[in-house]
Amino acid sequence: MLTNRTFFIYVALMTSVVVASNFLVQYPLPGSVAGMNLGDLWTWGAFSYPFAFLVTDLTNRHFGPRIARRVVVAGFVVGVTVSIYLATPRIAIASGSAFLFGQLLDISVFNRLRRQTWWHAPLAGSLIGSALDTAMFFSFAFAPFFVFFGPNDSFALETAPLLGALAAEAPRWISWALGDLLVKILCGIVLLLPYGALMSIIKPMPAARATA
């Protein structure tokens, strides 16, 4: 049976991931590797945000899509509200929109595949949700077209080698988006380990099984 305590634990975890990611996405990685400028490819937020999909998938497995959507919405409201004070309004809008639609898509995909082999649902849900999330976030946050959300970031719009290493050049935010998606794909695979480890502890409730 769902308890308020369990629900708020999931909401707290989700909110922590969203707020941390909104703050960290403003800071490119320092240094370089093999001549590749890491700041042209990744921000710190790329490494924290994929945990949101783990929280969503565990909630969905445990309680089903209805409760998972409540956790996502609660995390969205609290996360965006707090993020307004920690990040720029444009980042908060971009993050909130991308988070909401990406997580809801993850829930839908996960629920369709939950009866298949254990790793199919969390992997497919996180990868498809990540693709939508990345496209929405980086477009809303940095593309000049969406300047009505807030001022453009001159550093993000400056051209640099694509992916920090290729001969072709593009605005930094394009490389950030591609790098972010790559990290999310890798994290989606790696985070199957804690998901699989927690399966014996976090088991589907009757209501969750009924929605499958």
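Residues numbered from 1 in each chain as written. Predicted model: local features only at pLDDT ≥ 70, side-chain atom pairs only at ≥ 80, totals over all residues. Heavy atoms only, no water.

- As recorded in an unreviewed UniProt entry, the protein goes by the name Probable queuosine precursor transporter, listed as coming from Sinorhizobium psoraleae.
- According to the UniProt record, the Subcellular location (unreviewed entry) comment for the protein reads "Cell inner membrane".
- In its Function (unreviewed entry) section, the UniProt record describing the protein reads: "Involved in the import of queuosine (Q) precursors, required for Q precursor salvage." (UniProt positions renumbered as here; feature names shortened; annotations may be inferred.)

1. Notes on the pattern of salt bridges
Next, step 1: Following the criterion strictly, the structure yields 3 salt bridges and no others.
Next, step 2: Of the charged contacts, one joins Arg 172 and Glu 158 as a salt bridge, the two residues approaching to 2.7 Å between their closest N and O atoms. Of this pair, Arg 172 sits in helix 8 (residues 172-190) while Glu 158 sits in the loop between helix 7 (154-157) and strand 3 (159-161), and the two are 14 residues apart along the sequence.
Next, step 3: When its relative accessible area of 11% is taken as the criterion, Arg 172 is described as buried.
Next, step 4: The structure contains a network of salt bridges with shared partners spanning Asp 133, Asp 180 and Lys 184. (Salt bridge = Lys/Arg side-chain N within 4 Å of Asp/Glu carboxyl O. Helix = DSSP H or I, 4+ residues; strand = E, 2+ residues; numbered from the N terminus. Buried < 20%, exposed > 50% of the residue type's maximum accessible area, 1.4 Å probe, protein only.)

2. Thoughts on the environment of Leu 86
Next, step 1: Within the secondary structure, Leu 86 sits in helix 4 (residues 65-86).
Next, step 2: Of the residues examined, Leu 86 reaches a relative accessible area of 40% and is grouped as partly exposed.
Next, step 3: Expressed as a C-alpha distance, the spacing of Leu 86 and Val 19, which sit 67 residues apart in the sequence, is 7.8 Å.
Next, step 4: When neighbours within four sequence positions are excluded, Leu 86 is seen to be in contact with Val 19, Phe 23 and Gln 26. (Contact = heavy atoms within 4.5 Å.)

3. Overview of the layout of surface pockets
Next, step 1: In this model, the largest pocket occupies a volume close to 230 Å³.
Next, step 2: Around the largest pocket, the lining comprises 16 residues; the ones closest to its centre are Thr 88, Ile 91, Ala 141, Phe 142 and Asp 153.
Next, step 3: Taken together, the elements giving at least two residues each to the lining of the largest pocket come down to helix 5 (89-113) and helix 6 (120-142).
Next, step 4: The biggest single contributor to the lining of the largest pocket is helix 5, with 3 residues.
Next, step 5: Across the lining of the largest pocket, the residue classes tally to 9 nonpolar, 5 polar and 2 charged. (1 Å grid on protein atoms, 1.4 Å probe; cavity = no way out; pocket = protein on both sides within 12 Å on 5 of 7 lines; lining within 4 Å. Points joined across faces, edges and corners; volume = space filled by probe spheres on them. Nonpolar A, V, L, I, M, F, W, Y, C, P; charged D, E, K, R; others polar.)

4. Some details on empty space enclosed by the protein
To find leftover empty space, a probe the size of one water molecule is rolled over the atoms.
Next, step 1: One pass over the full model with this rule turns up 2 cavities of 30 Å³ or more.
Next, step 2: Estimates place the volume of the largest cavity at around 140 Å³.
Next, step 3: Forming the walls of the largest cavity are 13 residues, and the residues nearest its centre are Ser 21, Val 25, Tyr 49, Asp 133 and Phe 137.
Next, step 4: Here the element with the most residues in the lining of the largest cavity is helix 6; it accounts for 3 residues.
Next, step 5: Its boundaries defined by the atoms lining it, the second largest cavity holds a volume of some 100 Å³.
Next, step 6: Of all the secondary structure elements, the ones that give two or more residues to the lining of the second largest cavity are helix 3 (51-63), helix 6, helix 8 and helix 9 (192-198).
Next, step 7: Class assignment for the residues of the lining of the second largest cavity results in 8 nonpolar, 3 polar and 2 charged.

5. A word on helix 8
Three or four residues apart is the spacing at which side chains of an α-helix point the same way, because the helix has 3.6 residues per turn.
Next, step 1: Helix length check: helix 8, at 19 residues, gives a terminal C-alpha distance of 26 Å against a target of 27 Å (1.5 Å per residue), a fit within 8%.
Next, step 2: Within the span of helix 8, buried status applies to Arg 172, Trp 173, Ser 175, Trp 176, Ala 177, Gly 179, Asp 180, Val 183, Lys 184, Cys 187 and Gly 188.
Next, step 3: Here the buried face of helix 8 lies against helix 2 (45-48), helix 6, helix 7, strand 3, strand 4 (169-171) and helix 9. (Expected span 1.5 Å × (residues − 1).)

6. What to know about the packing of aromatic side chains
Next, step 1: A full pass over the atoms with the stated rule returns 18 aromatic pairs.
Next, step 2: Ring plane angle 90° and centroid distance 6.0 Å describe the contact between Tyr 10 and Phe 63, whose orientation is recorded as edge-to-face. One end of the pair, Tyr 10, is in helix 1 (residues 4-24); the other, Phe 63, is in helix 3, and 53 residues separate them in sequence. With respect to burial, Tyr 10 and Phe 63 carry one shared label: buried.
Next, step 3: Their ring planes at 10° and their centres at 6.3 Å tell us that Trp 118 and Tyr 195 sit as a pair that is stacked. Of the two residues, Trp 118 sits in the loop between helix 5 and helix 6 while Tyr 195 sits in helix 9, which places them 77 residues apart along the sequence.
Next, step 4: Residue Tyr 195 is classed as buried on the basis of its relative accessible area, which comes to 3%. (Phe/Tyr/Trp six-rings, centres within 6.5 Å; stacked < 30°, edge-to-face > 60°.)

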